[in-house]
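Observations on the model geometry
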Amino acid sequence: MKIITINPDICVGCGNCEYACANEQKGNFDIKNSWIRVNFYPADRVCIPWNCAQCEDAWCMRVCPAGAISRDPKTGAVLIDEGLCAGCKMCMLACPYGSIHFDLEAAVSRKCDLCGGDPQCVRACLSGALQFVEVDRAYEFRRRQFDNVLRAMPGIAKQDGEER
Amino acid sequence: MAKEIVKTLCRMCDNRCGMHVFLEEGKVTGVEGNPDHPWNWGRLCSKGKAAPDIINAPDRILKPLKKTPQGWQEIGLEQALDEIADKIRQIQAQYGKRAMSAWKGEALGFNQEEEMVRRFCHAIGTPNYFSNDSQCFVCRYMAYRFLYGTGAYPFPDYANAKCIVIWGANPPAAHPFMTRMVMEGKQNGARIVAVDPRLSMIARQAHDFIPILPGTDGALALGLIKILTEKGWYDHDFVEKHAYGFEELQSYAARFDLDYVEEETGVSREAIEKLALLLYKSSPHVSIYIGNGTEHHVNGVNNSRAIASLIGLLGALDRKGGSRVLEGAGVRDMTLYEEIPLSHLDPIGADKFPVLYDQRHECHTMTAMDAILSGDPYPLRGMILTGANPASTNPNVAKVKKALASLDLFVVRELFMTETAELAHYILPSATFMERTEVFCHAPIHLLNLTPKVFSLPEVQDGYDFWHDLAHRLGAGEYFPWKDAEELNAWLLEPTGYTVEDLRAHPEGIVYQPHRYEKWKEAPLATPTGKVEFFSTYLKDFGMKGLPEYVSPSYKADPEHPFVLTTGARKLLFVHSRYHNIPRFHEACPEADLEMHPDDAAELAIADGERVSIESKIGAVEMKVRIVAENEIIRGCVHGIHSFIRDNVNEITIDSENDPISGFPLLKSIAVKIRKIKGEGSTPHQPD
Ligand code: SF4
Ligand code: SF4
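Residues numbered from 1 in each chain as written. Chains lettered and ligands numbered in written order. Predicted model: local features only at pLDDT ≥ 70, side-chain atom pairs only at ≥ 80, totals over all residues. Heavy atoms only, no water.

1. Examining the site of ligand 2
Close to ligand 2 lie Cys10, Met12, Cys13, Asn15, Arg16, Cys17, Leu44, Cys45, Lys47, Gly48, Pro176 and Phe177 of chain B. Across the shell around ligand 2, the residue classes tally to eight nonpolar, two polar and two charged. (Near = heavy atom within 4 Å. Nonpolar A, V, L, I, M, F, W, Y, C, P; charged D, E, K, R; others polar.)

2. Quick word on the sheet that holds strand β9 (residues 163–167) of chain B
Residue and element names in this part refer to chain B. Judged by pairing direction, the sheet is parallel, and its four strands sit side by side in the order β11-β10-β9-β13 without closing on themselves. With one partner strand each, in any of the chains shown, β11 (208–211) and β13 (286–290) form the two edges of the open sheet. Going across the sheet, the axis of each strand differs from the next one's by a mean of 15°, ignoring polarity. Alignment of β9 against strand β10 (residues 191–196), held across five bridges, turns out to be parallel. Bridge pairing links Val165 to Val193 in β10. (Pairing = 2+ DSSP bridges. Helix = DSSP H or I, 4+ residues; strand = E, 2+ residues; numbered from the N terminus. Axes fitted to C-alpha atoms, helices over the stretch in contact; angles between N-to-C directions.)

3. A look at the domain arrangement of chain B
It is common to give the size of an interface as the accessible area that goes away when the parts come together. All names here are of chain B. Here chain B is partitioned into domain 1 (4–55), domain 2 (65–136 + 332–433 + 458–495), domain 3 (155–324 + 525–541) and domain 4 (555–676). Computed from C-alpha atoms alone, the centre-to-centre distance between domain 1 and domain 3 is 35 Å. Counting residues at the interface gives 11 residues for domain 1, matched by eight residues for domain 3. For the pair domain 1 and domain 3, the summed buried area comes to about 660 Å², and 66% of that belongs to carbon and sulfur atoms. The largest contributions to the domain 1 side of the interface with domain 3 come from Asn15, Trp39 and Trp41, which together make up 59% of the buried area. Where domain 1 meets domain 3, there are zero salt bridges. Our count for the contact surface shared by domain 1 and domain 3 stands at two residue pairs in polar contact (both at pLDDT 80 or more). Across the side of domain 1 that touches domain 3, the residue classes break down as seven nonpolar, two polar and two charged. (Domains from an automatic or database assignment. Contact = heavy atoms within 4.5 Å. Buried area = accessible area lost by both parts, 1.4 Å probe. Salt bridge = Lys/Arg side-chain N within 4 Å of Asp/Glu carboxyl O. Polar contact = N/O pair within 3.5 Å; in protein donor to acceptor, adjacent residues only side chain to side chain.)

4. Considerations on helix α11 (residues 258–265) of chain B
Residue and element names in this part refer to chain B. Residues of α11 that are buried include every one of Leu258, Val261, Glu264 and Thr265, and no others. For α11, the angular spread of buried residues about the axis comes to 125°, placing them on one side. Lining the buried residues of α11 we find α8 (217–230) and α12 (269–282). Just downstream of α11 lies Gly266, where phi reads positive at about 80°. (Buried < 20%, exposed > 50% of the residue type's maximum accessible area, 1.4 Å probe, protein only. Arc of directions from axis to C-beta.)

Structure (structure tokens):
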């Protein structure tokens, strides 16, 4: 199964992912229609492209009184059935990450559905901060990053070769 | 319905990402990134994603238009070309061949288009070729060329760098797919430095962000050179064997006392010393990328040269993790500068900016506006402009409009009715990148590509057909002997050893040459001395300064105009004046804005979202203020976005003050004052 991983060390906060999501959901570039949201904090120069984590034991799914939330067996995405959603917004409250949004036009809650298995935010991410990878390879970049620190360490790096 | 996938390269900007086009019954219904293309590995930015909006736009011009007293009238293509050819003949008979000119923009094509236009000009006997290169790219091109004799910029070897310096550039907005390369370097352990008056998107991810006053880059670079040379922190062996003018550079830089540099640039002494140490410790694996930010100043070329000198000093030239000297694929050159030299005909601007012409055969667009209006040095009466919108993107757009509207013949090839097209006598519909075939090289990865014609429309010509048909009508057909773009491509590719068929079989391109480092070990550089020229013998021979001497920007000495205005940074969805007519883009980002430091805004009692008047010495424009965070712009500096449909900052950018070497306008060094507009309340701005 594949998941979306985020890397706040390289996200530049460009917003292409938000545009791509809005385009996929509503056919426009109005980022209020995007389920992924990028927060940028200028003072500490931090960009966080946050999206639904498709929790295994999902708060939203547990709380939904209408039973409108289920898991897509194919992609593992947590889905909201708009036919069943009563628009009570409890899932929005329950989600600890604020990853559920409300669609005023349709009067239902909406969230990331992994675009059925080809998430468009990832296909738009210029920096590579978003990856859609098999779970067993997730966060490989963190291991690589740590390896780089070790590899450069005196005593570990070989004397004669390239240090990196 | 049958869905066909055609592989091509996006050209919503010149990054040219690998793209899959979905065709249904001959109509483009969607696009996505080509996962197998090594440039963008399946990703497309928002502009690329909206390519069908441009291809299928309801406002696309699809019939030749002629301006009549009753307004625009549709006419047949053959008739339009006949009439245009007649008029060109008249103008050239009456005023001389050089009274005609052509201007290549970027909205339709780029390299291949450029060479066709250059070829056409010389084929019909005029040296007057214009382009956006009077204000973009060429400054840095020259800086590198004078130092290293290179044709293309040496390109940073980001993936292997220990230190990456992004100086005056914002790849996510301007060269989107370079972002990934920089970030790959970061993930491999490089330390990232961003030097910019604004906290650009790339600067958000820099380890060290160094805010700098606009146009003072040369002083900072010379301060760094002073430290590096004084401490002996440079590549002695490389400099001794491969450089010319080191002593001169060292003794000139010695004058750049760090207290002066701090005062001049706004960068603290500690930050300068820290950067010098970082460069030294990381050398030679230092990747420096210089952007358009250093170009638009009175000392643009020399500032850029001073920065680029660091590459040679640190021994980073063509070294792993340094700046790679790129090799071309050997695609044929279409220009006629050898066969038909025309420099004796006084190309427009060549007297004022001789280096620009000598280096690039580039005439100066801003001088052209004066020449058109005054007839001095000679009448310039006709112009064919292809895919450019100078009435929005050149400085002093009021003058541009007046000049272009006064021509005897003004022909515009375009997709849309732009500010410039409105001034034309004829508008000819033009092929988009999907309606033509062309050769394209991703130089940084040595990848040769051929794009296919995905579909075509009647009476909508590609560039080649247009220049071919016109040249043949003007008796210059011998220079356009190829039947169509396909035949031309075959000829262009001949020296590369690859054929059209080879490239068609490889829609993801062919790597024509693996990268080789340290080529300077094998052959001298293409500079006059064959060495790295810290002192440019070429410029000296032109009667200019051989060293990259520093000149302080003039805005600093203008108490009447206490702010410095910079322009030219981009928003994600637009490329200069392009794509504002995509309704979903316009809705997402409808308004131009002026970025301002919160303390400056507080001092003037200006609220976020308030409209203000910005005045330069040539005029005033109103814009809506966006108050940014404290570290997002340097104090005393405002940034005005250019070429939105309304509130275009180019109404007040100045055309008549230029870098004497490149001729570039000072688009990022403009002294302005900012006035509150009486009775103006504020409305919050839209998110970016
Ligand atoms: S597209 Fe990528 S780099 Fe840009 S904001 Fe989204 S996650 Fe960050
Ligand atoms: S960066 Fe965007 S607009 Fe430019 S070529 Fe790539 S997808 Fe197209």
